[in-house]
Amino acid sequence: LTEVKNEIGEFCSEFNRSPEEVVLLPVTKQWPVESVRFCKNAGIRSVGENRVQDALAKQVEVTGVDWELIGHLQSNKVNQVIGRFERIQTVDSLKLLDKLQVAAERRELRQKILIQVNSGEDPAKFGLFMDEVDEMLERALGCANLITEGFMTIAPYAPENPSVAQRAFIRLRELRDRLNEDFQVDLGELSMGMSGDIREAIESGSTMVRLGTALFGARKE
Ligand SMILES: *Cc1c(COP(=O)(O)O)cnc(C)c1O
């Protein structure tokens, strides 16, 4: 954890970013619940999980930490997740958005969300296409029980060519900047960057890097 934090700090100074602008979100998916306890004891506030069932099981065992859902969410699981996650980072369809709004209203709570964008146009990834985001944001801003805080993307996997990830990140940041202008809002959060593309993410304006492998080693999958 110290090494990864130092690395983030180095990239921040290289690109004139303040380290407080870039949150480290440990991704504890597929690791036992001890990984979450470790993070909590190390002073980490939130962890990321990609599967609803796994996350809910861990939540029973560890309290006092916030959970971010970073995996694809099927709309039939909305009632299981609403209010159980600090934030749902993977809102990627109007249908899902509407179901989240209905569920949050019914429970009388406000749920924080990010809109997931496939800014790398990777056919293997979830997320809205760039030209679908305006309509999505307009609808999201009209959802009284949802708090839209920004955007999330997963860059295409191309370890030998970092410019692929960098392009996806820059496209998302530029989209965010334009939407802030057009909608007269101030969406700050850009969840982008994983273990293989931390540097490109920080260079491109990421406010949250989601790190599994860099912290815990390779998953067995
Ligand atoms: C697994 C996962 C991560 C972490 O990936 P690493 O390469 O292990 O750092 C980040 N974001 C999402 C959405 C993931 O599913």
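Coordinates for the structure precede this section.
Okay, so let's go over this structure. All values derive from a computational prediction rather than experimental measurement.

## Some details on the site of the ligand
Working step 1: The environment of the ligand is made up of Val-27, Lys-29, Ile-70, Met-152, Ile-154, Met-194, Ser-195, Arg-210, Leu-211, Gly-212, Thr-213 and Arg-219.
Working step 2: In this structure, Lys-29 approaches the ligand through a side-chain N or O atom, which is 2.7 Å from an oxygen atom.
Working step 3: Side-chain polar atom of Arg-210 to a nitrogen atom of the ligand: 2.9 Å apart, as the coordinates give it.
Working step 4: Against a free-state accessible area of 380 Å², the protein chains account for coverage of 90% of the ligand.
Working step 5: Because more than half of its atoms lie within 2 Å of the grid, the ligand is assigned to the largest pocket.

## With respect to the pattern of salt bridges
Working step 1: Using the criterion set out here, one finds 17 salt bridges in the structure.
Working step 2: A salt bridge links Glu-49 to Lys-58; the nearest nitrogen and oxygen atoms lie 2.7 Å apart. For the pair Glu-49 and Lys-58, a shared accessibility class is recorded, and that class is buried.

## As for the pairing of strand S6 (residues 146–152)
Working step 1: Here S6 lies mainly inside the structure; five of its seven residues are buried.
Working step 2: Here strand S5 (residues 111–116) runs beside S6; their pairing, made up of six bridges, is parallel. Residue Gln-111 lies in a different strand from S6, and its bridge partner there is Leu-146.
Working step 3: This β-α-β element, S5 to helix H6 (residues 133–141) to S6, shows right-handed connectivity.

## Topic: the nonpolar core
Working step 1: Formed by 58 residues in total, the largest nonpolar core has its most connected members in Ile-8, Leu-73, Ile-88, Leu-100, Phe-151 and Ile-202.
Working step 2: Of all the elements, helix H7 (residues 162–183) adds the most residues to this core, at six residues.

## Structural notes on the pairing of strand S2 (residues 46–49)
Working step 1: Here S2 shows no split at all, with Ser-46 and Gly-48 on one side and Val-47 and Glu-49 on the other all buried.
Working step 2: With four bridges connecting them, S2 and strand S3 (residues 66–69) associate as parallel partners. Each residue of the ladder has a partner; that of Gly-48, found in S3, is Glu-68.
Working step 3: In terms of handedness, the path from S2 via helix H3 (residues 52–61) over to S3 forms a crossover that is right-handed.

## Observations concerning the layout of surface pockets
Empty pockets left among the atoms are what a rolling probe the size of a water molecule brings to light.
Working step 1: Estimated volume of the largest pocket: approximately 760 Å³.
Working step 2: Lining the largest pocket we find 32 residues, and of these Lys-29, Lys-125, Ile-154, Ala-155 and Met-194 sit closest to its centre.
Working step 3: Elements with a minimum of two residues in the lining of the largest pocket: H7 and strand S8 (208–211).
Working step 4: In the lining of the largest pocket, the residues fall into 15 nonpolar, ten polar and seven charged.
Working step 5: There is about 330 Å³ of room inside the second largest pocket.
Working step 6: Val-23, Leu-24, Arg-45, Ser-46 and Met-208 are, among the 19 residues lining the second largest pocket, the residues nearest its centre.
Working step 7: When residues of the lining of the second largest pocket are traced back to their parent elements, those giving at least two are helix H1 (2–14) and strand S1 (23–26).
Working step 8: Of all the elements, S1 adds the most residues to the lining of the second largest pocket, at three residues.

## Notes on H7
Working step 1: Its 22 residues give H7 an end-to-end C-alpha distance of 32 Å, which sits within 8% of 32 Å, the value for a rise of 1.5 Å per residue.
Working step 2: Among the residues of H7, Ala-165, Ala-168, Phe-169, Leu-172, Leu-175, Arg-176, Leu-179 and Asn-180 are the ones counted as buried. Buried residues of H7, viewed axially, fall in a sector of 135°; they line one side. Of the residues in H7, the exposed ones pointing more than 90 degrees away from the buried face are Arg-167 and Glu-181.
Working step 3: The secondary structure elements touched by the buried residues of H7 are H6, S6, strand S7 (189–191) and helix H8 (198–203).

The rules behind the values
Residues numbered from 1 in each chain as written. Predicted model: local features only at pLDDT ≥ 70, side-chain atom pairs only at ≥ 80, totals over all residues. Heavy atoms only, no water. Near = heavy atom within 4 Å. Polar contact = N/O pair within 3.5 Å; in protein donor to acceptor, adjacent residues only side chain to side chain. Areas by Shrake-Rupley, 256 points an atom, 1.4 Å probe, with all protein chains shown as cover. 1 Å grid on protein atoms, 1.4 Å probe; cavity = no way out; pocket = protein on both sides within 12 Å on 5 of 7 lines; lining within 4 Å. Sits in = over half its atoms within 2 Å of the grid points. Salt bridge = Lys/Arg side-chain N within 4 Å of Asp/Glu carboxyl O. Buried < 20%, exposed > 50% of the residue type's maximum accessible area, 1.4 Å probe, protein only. Helix = DSSP H or I, 4+ residues; strand = E, 2+ residues; numbered from the N terminus. Pairing = 2+ DSSP bridges. Right-handed = clockwise from strand over helix to strand, strands pointing away. Core = buried A, V, L, I, M, F, W, Y, C linked by side-chain atoms within 4.5 Å. Points joined across faces, edges and corners; volume = space filled by probe spheres on them. Nonpolar A, V, L, I, M, F, W, Y, C, P; charged D, E, K, R; others polar. Expected span 1.5 Å × (residues − 1). Arc of directions from axis to C-beta. Contact = heavy atoms within 4.5 Å.

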